[in-house]
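# Structural features, examined
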Amino acid sequence: MVKSYEDALSEILSFISEQVPGPKPRELTENTTLRGDLRMYNDDAKNLMHRYFEHFDVSAQNFDFEKYFPEEGEGIIGALLFGFVNRKRPRLNPKPLTIAMLAHAASVGAWV
């Protein structure tokens, strides 16, 4: 269902406020990021995005989760392996995923 960006933004702000556990910034805005501002990582982020795509009936076909929430490491085994071979761990450079991006996708019905 196509809706205005403003309507989608209002609904997303309410949805995020209800769905995200833990402390949130005083005010959620279009520029609030899921990873940085709301401290959403791996499983929590996957669950939230799954609920988002279902709730707002947004096609997730073009959504690349790893682009916004890359794997953070391999646990103790990975740490030992990287230490053993004396290599630096690869740096993760996730793209910020903002509430504005969620609202835009909800307004057009697909991740673009």
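Before reading further, recall that the structure is shown in the block above.
All of the points below concern the structure found in this document. (Residues numbered from 1 in each chain as written. Predicted model: local features only at pLDDT ≥ 70, side-chain atom pairs only at ≥ 80, totals over all residues. Heavy atoms only, no water.)

### Some details on the nonpolar core
- Among the nonpolar cores identified, the biggest contains 28 residues, and Ile 12, Ile 16, Leu 34, Tyr 52, Leu 97, Leu 102 and Trp 111 are the most heavily contacted of them.
- Listing elements by their share of this core, those giving two or more residues are helix H1 (5-19), helix H2 (42-55), helix H3 (65-68) and helix H5 (99-108).
- Those residues in contact with Trp 111 that sit more than four places away from it in its chain are Tyr 52, Phe 53, Val 58, Ser 59, Asn 62, Phe 63, Tyr 68, Leu 97, Met 101, Leu 102 and Ala 105. (Core = buried A, V, L, I, M, F, W, Y, C linked by side-chain atoms within 4.5 Å. Buried < 20%, exposed > 50% of the residue type's maximum accessible area, 1.4 Å probe, protein only. Helix = DSSP H or I, 4+ residues; strand = E, 2+ residues; numbered from the N terminus. Contact = heavy atoms within 4.5 Å.)

### So, the packing of aromatic side chains
- For the structure shown, the criterion picks out 10 aromatic pairs.
- Judged by centre distance (5.1 Å) and plane angle (65°), the rings of Tyr 52 and Phe 53 are edge-to-face.
- Ring geometry for Tyr 52 versus Phe 56: centroids 5.5 Å apart, planes at 45°, classification tilted. Of the two residues, Tyr 52 and Phe 56, neither departs from the other in class, the shared state being buried. (Phe/Tyr/Trp six-rings, centres within 6.5 Å; stacked < 30°, edge-to-face > 60°.)

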